[in-house]
Amino acid sequence: MTSLDAADLTALRVLSETYAAAADDRDAAAVGALFVPDGVLVVPDPPAHLDPHVSHVGRPAVVAALGALAGTLATTHVVAGARYLPTSTGARGRVRGTAHHLLPGREGPSDLVWFLHYDDEYARTVDGWAFTRRAVTINWIERHRVSAIRTDEEVTGG
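Small disclaimer: the values here were computed from a predicted structure and weren't measured.

A.B. asks: Teacher, can you tell me more about empty space enclosed by the protein here?
C.D. replies: Rolled over the atoms, a probe sized like a water molecule indicates the empty space that remains. The tally for this structure, following the rule as stated, stands at one cavity of 30 Å³ or more. A volume near 60 Å³ is recorded for the largest cavity. If you trace the largest cavity, you find 13 residues lining it, with Ala20, His77, Val78, Val79 and Tyr118 closest to the centre. Of all the secondary-structure elements, those providing two or more residues to the lining of the largest cavity are helix 1 (6-24), strand 3 (74-86), strand 4 (91-103) and strand 5 (110-125). Residue contributions to the lining of the largest cavity peak at four residues, all from strand 4. Residues of the lining of the largest cavity, tallied by class, amount to seven nonpolar, four polar and two charged.

Set out below in structure tokens:
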């Protein structure tokens, strides 16, 4: 592939935003469907490893990896910027953003914030663009006390 046109760039951005929204909605199956059948999600293991460290290969493994969000009250993934480039087999991209993780605590909830980037590889399929590989790198982590929160049902979208 020699270039990406405006429709490709839009579709790749929508793919990244759909991943974020599905993760926040706790829709692991929808996240898995964004990957090719043998797609790979590589995640860090903070705080020991901020670089991509644990590989989940295939849609079922990607879906299972999203189970890590179960320990949070809610999440908010924000796509802050992206750059996509063509490759000989599809495209690659770097997507920057933040991932907020609302965590319970004895003194009230806190927001664990990952400032991160995704290094992605994509393939065009009959259904549109899909991830062949997504590697998550945490650039830094912050934790903040939360001063107010809506009820659990409102926060989690239940």
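Anyway, onward from the coordinates.
A.B. asks: Help me out: how do you make sense of the pattern of salt bridges in this one?
C.D. replies: Side-chain pairs of opposite charge can arise whenever the charged atoms involved come near each other. Enumeration according to the criterion identifies five salt bridges in this entry. Two residues, Arg124 and Asp8, come together in a salt bridge whose shortest N-O distance is 2.9 Å. You can see Arg124 sitting in strand 5 and its partner Asp8 sitting in helix 1, a full 116 residues away along the chain. On the basis of relative accessibility, which here comes to 7%, the residue Asp8 falls in the buried class. In this structure, the salt-bridge partner of Arg134 is Asp120, at a minimum N-O distance of 2.8 Å. Note that Arg134 is positioned in strand 6 (residues 128-145) and Asp120 in strand 5, a separation of 14 residues in sequence.

Reading guide: rules and limits
- Residues numbered from 1 in each chain as written.
- Predicted model: local features only at pLDDT ≥ 70, side-chain atom pairs only at ≥ 80, totals over all residues.
- Heavy atoms only, no water.
- 1 Å grid on protein atoms, 1.4 Å probe; cavity = no way out; pocket = protein on both sides within 12 Å on 5 of 7 lines; lining within 4 Å.
- Points joined across faces, edges and corners; volume = space filled by probe spheres on them.
- Helix = DSSP H or I, 4+ residues; strand = E, 2+ residues; numbered from the N terminus.
- Nonpolar A, V, L, I, M, F, W, Y, C, P; charged D, E, K, R; others polar.
- Salt bridge = Lys/Arg side-chain N within 4 Å of Asp/Glu carboxyl O.
- Buried < 20%, exposed > 50% of the residue type's maximum accessible area, 1.4 Å probe, protein only.

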